[in-house]
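Each chain, letter by letter, is given below.
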Amino acid sequence: QAKVFTYDPGFTSTASCDSTITFIDGNKGELLHRGYPIDQLAEKSHYLEVCYLLLYGELPSAKELEVFEQTITNHTMLHEQMVNFFRGFRRDAHPMAIMVGVVGAMSAFYHDSTDINDPRQREIASHRLIAKMPTIAAWAYKYSIGQPFVYPRNDLDYASNFLRMCFSVPAEEYEVNPILSRAMDRIFTLHADHEQNASTSTVRLASSSGANPFACIAAGIACLWGPAHGGANQACLEMLEEIGTVDRIPEFIDRAKDKNDPFRLMGFGHRVYKNFDPRATVMKQSADEVLELLGVEDNPKLQVAKELEKEALNDPYFAEKKLFPNVDFYSGIILEAMGFPTSMFTPIFALSRTVGWISQWKEQLDDPQLKIGRPRQLYMGETRRDYVEIENR
Ligand code: SDX
């Protein structure tokens, strides 16, 4: 396979990298994980199988998948002392702040998987992070709403376990609806990896210094939080709420086109895709399915989103700039319908993307030529000059 740039990453060569994990063709709107198209994986596979594919490069046999899923299931609990970390936060702390803190703190609890020079420890760290992220995200949510933590169960699949840890309470067991669980799993799969996006590049840069895996993933979570990146799903739903009704859409489209207005259509546009983001297409289908199941197919935000997409795609400005809906445009509508507050949208993105971050982290560490990352700069500042005493300024 020729090593090609799908787009100019905008970095100097020291910040670019070779990879065999994910390929994006931005003009075609194609996303491949180890060569498999995302729409086929979303339809026919499931998140833990995609995790195996991203980590090891091939789809697993039935036995390999069984062993992998059992390994992940056996690591879903957190060290009990980590509960204290959650209690150190204010109740109104954003769950992403909690995730950055707790994941970073894992390096203080799991010493036997921090030696990045030991391939076995790298593998243990990978399994621990994939397994524990749903528990961390669910507990960050529970803490923010003042409800007791719900522990993972070994008899539930990955997505069902997460939904139950979020929505079960001691007074009433949460019955997992298999269609919602499938939709949750599909959301995990659609966010699993995405080549050298900002947060993945952050993880690679952090790991190039030899930092331990938990610290590197905490850095990725911090970067993903931004509204231009993973925070866009929360920002998109807040935008749809602000628009409110379809008759106000033209006003917001005009604002998005106004260079003097900082407003951007959240969930629209992409650094790479200059066509439909294939994940958005799957997400839109899933939104229809989930909202119909929940009997809220006439959800005003879904109506506004569909009309906004139609009007934007018919607008010459968006056509000329090649702006299309991205993965964040419909995901928030589904997550809100499932019962999640907007503050949980990016933590769910971070939970899903952990396997992508950790796969790229492992790939980079397997490169014997690895050097510490150091993007070159183009210096545009002052030329050399001598210090001026304060009385002469
Ligand atoms: C994610 O990199 C990844 O892979 C990220 C991600 C992943 O899986 O990791 O895909 C996840 O981050 C998706 C993107 C989520 N962010 C948003 O939805 C926020 C809204 N989108 C914009 O902020 C923007 O589209 C970016 C940040 C995503 C991309 O910005 P760029 O690099 O400026 O996009 P561009 O070069 O294609 O823009 C072309 C033009 C520019 O105007 P000009 O400078 O040519 O005059 O279109 C404008 C942009 O200002 N533009 C928009 C717009 N997005 C770009 N105008 C209005 N609304 C928008 N949403």
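Under an unreviewed UniProt entry, the name given to the chain is Citrate synthase, and the organism recorded is Pseudaestuariivita atlantica. Turning to the chain, the UniProt annotation filed under Catalytic activity (unreviewed entry) states: "oxaloacetate + acetyl-CoA + H2O = citrate + CoA + H(+)".

Q: What is the right way to read the site of the ligand from this model?
A: The environment of the ligand is formed by 25 residues, the closest being H194, H270, K274, R279 and R353. Within the backbone of A228, an N or O atom sits 3.0 Å from a nitrogen atom of the ligand. In the environment of the ligand, an oxygen atom lies 3.1 Å from a nitrogen or oxygen atom belonging to the side chain of K321. Alone, the ligand offers 1,000 Å² of accessible surface; in the complex the protein occludes 78% of this. Elements with a minimum of two residues in the shell around the ligand: α15 (316-321) and α17 (345-365). Classifying every residue of the shell around the ligand gives ten nonpolar, seven polar and eight charged.

Q: Can you help me understand the sheet that holds strand β1 (residues 22-25) in this one?
A: Sheets are built from strands paired through backbone hydrogen bonds, the pairs being either parallel or antiparallel. Ordered by their spatial adjacency, three strands build an open sheet running β1-β2-β3, and the pairing between neighbours is antiparallel. Two strands lie at the open edges of the sheet, namely β1 and β3 (36-37), each paired on one side alone. Where β1 meets strand β2 (residues 30-33), four bridges bridge the pair, whose relative direction is antiparallel. Bridge pairing in β2 links T22 to H33.

Q: Mind showing me how you'd approach the nonpolar core here?
A: Side chains of nonpolar character tend, in soluble globular proteins, to be buried together. One finds F162, M184 and F340 to be the most contacted residues of the largest nonpolar core, which totals 112 residues. Here F162 is in contact with P134, A137, A138, M184, F188, F340, M344, I348 and L351, once residues within four sequence places are set aside.

Q: Is there a simple way to think about the confidence of the model for the chain in this case?
A: Atom-level detail of predicted coordinates should not be read off regions where pLDDT is low. Per-chain confidence: the chain averages 92 in pLDDT, with 96% of residues scoring 70 or above. Low confidence marks residues 1-14, where pLDDT is under 50. Its contacts with residues over four positions away, or in another chain, come to 18 contacts.

Q: Looking at this structure, I do not really get the packing of aromatic side chains. What am I missing?
A: How two aromatic rings sit relative to each other is given by the distance of their centres and the angle of their planes. Overall, the coordinates contain 23 aromatic pairs when judged by the stated rule. Their ring planes at 45° and their centres at 6.2 Å tell us that Y110 and F214 sit as a pair that is tilted. Linking Y110 in the loop between α5 (95-105) and α6 (119-144) with F214 in helix α10 (residues 213-224), this pair joins segments that are 104 residues apart in sequence. When sorted by exposure, Y110 lands in the same class as F214, which is buried. Ring centres 5.7 Å apart and planes at 70° place the aromatic pair F252 and F263 in the edge-to-face group. One end of the pair, F252, is in helix α12 (residues 249-257); the other, F263, is in the loop between α12 and α13 (278-293), and eleven residues separate them in sequence. Like F252, the residue F263 is buried in the burial classification. Of the aromatic side chains, those joined through ring pairs into one cluster are Y47, Y141, Y158, F162, F167, Y174, F188 and F340. A cation sits over an aromatic face here: R91 above Y143, 4.1 Å from the ring centre.

Q: Looking at this structure, how should I read the pairing of β2?
A: Within a regular strand, the side chains alternate between the two sheet faces. Bridge analysis of β2 against β3 gives two bridges, and the strand direction is antiparallel. Bridge pairing in β3 links H33 to Y36. Where β2 folds back on β3, the antiparallel hairpin that results is connected by two residues, among which R34 adopts a positive phi of roughly 50°.

Q: It is not clear to me how helix α8 (residues 178-190) should be interpreted in this structure. Could you clarify?
A: Each turn of an α-helix holds 3.6 residues, which means side chains three or four residues apart point in the same direction. Under the 1.5 Å per step criterion, the end-to-end length of α8 is 18 Å for 13 residues, consistent within 8% with the ideal 18 Å. Those residues of α8 that sit buried are L180, S181, A183, M184, D185, R186, I187, F188, T189 and L190. The secondary structure elements touched by the buried residues of α8 are α1 (38-44), α2 (47-56), α7 (158-167), α13, α16 (328-338) and α17. Among the residues of α8, the N-terminal cap falls to N177, whose side-chain oxygen and the backbone nitrogen of I179 are separated by 2.7 Å.

Q: Please explain the packing of helix α14 (residues 300-313) against α16 as it appears in this structure.
A: Two elements in contact, α14 and α16, have axes separated by 10 Å at closest approach and are oriented at 170°. For the element pair α14 / α16, the angle class is roughly antiparallel. Across from K301, L302, A305, K306, L308 and E309 in α14, the residues of α16 making contact are F329, Y330, I333 and E336. Classifying every residue of the contact of α14 with α16 by side-chain character gives six nonpolar, no polar and four charged.

Rules and cut-offs
- Residues numbered from 1 in each chain as written.
- Predicted model: local features only at pLDDT ≥ 70, side-chain atom pairs only at ≥ 80, totals over all residues.
- Heavy atoms only, no water.
- UniProt positions renumbered as here; feature names shortened; annotations may be inferred.
- Near = heavy atom within 4 Å.
- Polar contact = N/O pair within 3.5 Å; in protein donor to acceptor, adjacent residues only side chain to side chain.
- Areas by Shrake-Rupley, 256 points an atom, 1.4 Å probe, with all protein chains shown as cover.
- Helix = DSSP H or I, 4+ residues; strand = E, 2+ residues; numbered from the N terminus.
- Nonpolar A, V, L, I, M, F, W, Y, C, P; charged D, E, K, R; others polar.
- Pairing = 2+ DSSP bridges.
- Core = buried A, V, L, I, M, F, W, Y, C linked by side-chain atoms within 4.5 Å.
- Buried < 20%, exposed > 50% of the residue type's maximum accessible area, 1.4 Å probe, protein only.
- Contact = heavy atoms within 4.5 Å.
- pLDDT = per-residue confidence, 0-100.
- Phe/Tyr/Trp six-rings, centres within 6.5 Å; stacked < 30°, edge-to-face > 60°.
- Lys NZ or Arg CZ within 6 Å of the ring centre and 35° of its normal.
- Expected span 1.5 Å × (residues − 1).
- Axes fitted to C-alpha atoms, helices over the stretch in contact; angles between N-to-C directions.
- Parallel < 35°, antiparallel > 145°, perpendicular 65-115°, else oblique.

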